[in-house]
Amino acid sequence: MAKKVAVIGAGVSGLISLKCCVDEGLEPTCFERTEDIGGVWRFKENVEDGRASIYQSVITNTSKEMSCFSDFPMPEDFPNFLHNSKLLEYFRIFAKKFDLLKYIQFQTTVLSVRKCPDFSSSGQWKVVTQSNGKEQSAVFDAVMVCSGHHILPHIPLKSFPGIERFKGQYFHSRQYKHPDGFEGKRILVIGMGNSGSDIAVELSKNAAQVFISTRHGTWVMSRISEDGYPWDSVFHTRFRSMLRNVLPRTAVKWMIEQQMNRWFNHENYGLEPQNKYIMKEPVLNDDVPSRLLCGAIKVKSTVKELTETSAIFEDGTVEENIDVIIFATGYSFSFPFLEDSLVKVENNMVSLYKYIFPAHLDKSTLACIGLIQPLGSIFPTAELQARWVTRVFKGLCSLPSERTMMMDIIKRNEKRIDLFGESQSQTLQTNYVDYLDELALEIGAKPDFCSLLFKDPKLAVRLYFGPCNSYQYRLVGPGQWEGARNAIFTQKQRILKPLKTRALKDSSNFSVSFLLKILGLLAVVVAFFCQLQWS
């Protein structure tokens, strides 16, 4: 008899968890409190309690080839970086393809998840839900928590003396939807993460002036990298990941600094991070330096105090006549349906083995999916988490002892602090390629490069030096996909397809240019030898 699994949430993590359950022969039921799928990526004009909220103009920071699920490439005509509506379209296509909607109970809120009395032997859970005002309960063999971590706005008002006197409007970036109504205003955005930067850029086009306050500075990257390819298809390779792991920290810091400053000098723009040794997640924004050059946005230091109409900054400067303050200060997360003894949130942190499993349970039948912030796409990350988790539920993979898991949690947290710092916004941060490989190893889906060098050297070279995308984890092991190799070798075609919207005549300029270079080089060599002969 198939094990019954409760999946909480029908966002990205919930959808891929459903598919992984079905792939492993489990029987999932998904509870989604709203009327539709998509989670944070489904834009709504109004902010709803208990649901993630985005602004209308949001586009992805990771490209389609690095973000798609491992056995389901995005359509080749989709742009490389997707507007939220386009990404939602992909999720709908995905859900339809694998017939996932039939497992989802919409407009159903999970009220509580409690251990059954015989949990130590059965590992089962009693899940209480509410729909249309009626409560129901059911017993499940396992639970996958996919409720996300962008729901509870973090607004540290105590850190801003005088906020109670401020006469203008202030709110969290979660409330922001579009620039209408902010024309001609003087606006202060506090926090320079991706959301704060996006909002500042968008508002700066019609506002009188936008200021953005950053505590520690930040690196700003363009989505466009070498030869015009998406940044993550160039940055996230196993070769580059290996270099970052083996080289001394000073060398890595120098490399990153050189790479980040290749576009523009961050020091000249007042953006250079205070601690360049920390690998804080960069801001992905193609417009920030341009808006700074135009003076439409001005970078400020930490806000020291607020008055009725002005902001006083730590460097002693004052900006008068501030109309609006937007707190782009991140999110806290909680699990109101879980007891603290199961997953306790302290200082915006949770103790989970590999960011997934509570270590202290008698039975490993509770897992959190997507509660992580990789330096790359969350979609393949959540997918590999779900693939591993469902195999643990099924008994095909096992976890180590509680002591071993706790030691791993402590060691991983120390490494995280060393690499990313102790900021609240970095509590879920992790390296991308390393973490994907770690999860893939658990299920036997990590490619064997030594073996491939002999069997398929062309593929081995592509895997090591090319983009580390999700298809790589379908080459071997459970869930092997016969289309994986072809998907890897055709990804460039899918990257370029949406860009080639203007027909060009075939040109031999490249070959002529190359030939001229060769002839020029030969001419130099001949001239050199002739000169030797004459002398």
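Residues numbered from 1 in each chain as written. Predicted model: local features only at pLDDT ≥ 70, side-chain atom pairs only at ≥ 80, totals over all residues. Heavy atoms only, no water.

Chemist: What should I look at first to understand the sheet that holds strand E2 (residues 27-31) in this one?
Modeler: Taken in spatial order, the 5 strands make up an open sheet running E3-E2-E1-E7-E20, and their pairing is parallel. Either end of the sheet is taken by a strand with one partner, and the two such strands are strand E3 (104-105) and strand E20 (366-368). Sheet topology places strand E7 (residues 142-145) next to E20; 3 bridges connect them, and they run parallel. Counterpart to Val145 in the pairing with E20 is Cys368. Lying on the sheet, helix H10 (residues 378-393) is in contact with strand E1 (4-8), E7 and E20; it crosses E7 at an angle near 170°. (Pairing = 2+ DSSP bridges. Helix = DSSP H or I, 4+ residues; strand = E, 2+ residues; numbered from the N terminus. Contact = heavy atoms within 4.5 Å. Axes fitted to C-alpha atoms, helices over the stretch in contact; angles between N-to-C directions.)

Chemist: Please explain empty space enclosed by the protein as it appears in this structure.
Modeler: Empty space left among the atoms is revealed by rolling a probe the size of a water molecule over them. A full pass over the atoms with the stated rule returns 1 cavity of 30 Å³ or more. When its volume is computed, the largest cavity comes out at roughly 30 Å³. Lining the largest cavity, in full, are Val145, Ser147, Gly148, Phe335, Cys368, Ile369, Gly370 and Leu371. Across the lining of the largest cavity, the residue classes tally to 5 nonpolar, 3 polar and no charged. (1 Å grid on protein atoms, 1.4 Å probe; cavity = no way out; pocket = protein on both sides within 12 Å on 5 of 7 lines; lining within 4 Å. Points joined across faces, edges and corners; volume = space filled by probe spheres on them. Nonpolar A, V, L, I, M, F, W, Y, C, P; charged D, E, K, R; others polar.)

Chemist: Please explain the UniProt feature "binding site: NADP(+)" in the chain as it appears in this structure.
Modeler: Mapped onto the present numbering, the UniProt feature "binding site: NADP(+)" falls on Thr60, Asn61, Ser195, Gly196, Ser197 and Asp198. Examined against the element boundaries, Thr60 turns out to sit in the loop between E2 and helix H2 (64-67). Setting aside residues up to four positions removed in sequence, Thr60 forms contacts with Trp41, Phe81, Leu82, Leu87 and Arg223. (UniProt positions renumbered as here; feature names shortened; annotations may be inferred.)

Chemist: Before we go on, may I ask you to explain the packing of helix H1 (residues 12-23) against H10 in this structure?
Modeler: Running from N to C, H1 and H10 point in directions that differ by 40°, and their axes come no closer than 9 Å. Here H1 and H10 pass one another in a crossing that is right-handed. Residues Val12, Ser13, Ile16, Ser17, Cys20 and Cys21 of H1 lie in contact with H10, whose contacting residues are Phe379, Ala382, Glu383, Ala386, Arg387 and Thr390. Looking at side-chain class alone, the contact of H1 with H10 contains 7 nonpolar, 3 polar and 2 charged residues. (Left-handed = near helix turned anticlockwise from the far one by under 90°.)

Chemist: Is there a simple way to explain the side chain of Ser67 in this structure?
Modeler: Here Ser67 shows up in helix H2. Here Ser67 falls in the buried class, since its relative accessible area comes to 2%. There is a polar contact of 2.7 Å between the side chain of Ser67 and the side chain of Thr62. Setting aside residues no more than four positions away along its own chain, Ser67 makes contact with Thr62, Met74, Ser377, Phe379 and Pro380. (Buried < 20%, exposed > 50% of the residue type's maximum accessible area, 1.4 Å probe, protein only. Polar contact = N/O pair within 3.5 Å; in protein donor to acceptor, adjacent residues only side chain to side chain.)

Chemist: What am I meant to see in a nonpolar patch on the surface here?
Modeler: Taken together, Ile155, Leu157 and Tyr170 make up a surface patch of nonpolar side chains, about 220 Å² in accessible area. Mapped onto the fold, Leu157 is located in the loop between strand E8 (152-153) and strand E9 (169-172). Overall, Leu157 belongs to the partly exposed group, its relative accessible area being 31%. (Patch = residues over 30% accessible without salt bridge, like charges linked within 9 Å, V, L, I, M, F, W, Y side chains within 5 Å. Areas by Shrake-Rupley, 256 points an atom, 1.4 Å probe, with all protein chains shown as cover. Salt bridge = Lys/Arg side-chain N within 4 Å of Asp/Glu carboxyl O.)

Chemist: Looking at this structure, how should I read the environment of Val5?
Modeler: As for its placement among the helices and strands, Val5 is situated in strand E1. Residue classification places Val5 among the buried positions, given a relative accessible area of 0%. Note: C-alpha distance between Val5 and Asp286 (281 residues apart in sequence) is 42 Å. Excluding its chain neighbours within four sequence positions, the residues that come into contact with Val5 are Cys21, Leu26, Glu27, Pro28, Thr29, Phe140, Ala142, Met144 and Phe393.

Chemist: What's the story with the domain arrangement of the chain in this structure? I'm lost.
Modeler: It is common to give the size of an interface as the accessible area that goes away when the parts come together. We note that the domain assignment places domain 1 (2-149 + 332-438) and domain 2 (154-221 + 262-329) within the chain. Domain 1 puts 26 residues into the contact, and the matching count from domain 2 is 17 residues. Roughly 1,700 Å² is buried in total at the junction of domain 1 and domain 2, and carbon and sulfur atoms are behind 46% of that figure. Contact with domain 2 buries area across many residues of domain 1, yet Val47, Tyr55 and Asn61 alone supply 34% of it, more than any other trio. One can count 0 salt bridges joining domain 1 with domain 2. The interface formed by domain 1 and domain 2 includes 11 residue pairs in polar contact (both at pLDDT 80 or more). A class-by-class count of the residues in the side of domain 1 that touches domain 2 yields 8 nonpolar, 13 polar and 5 charged. (Domains from an automatic or database assignment. Buried area = accessible area lost by both parts, 1.4 Å probe.)

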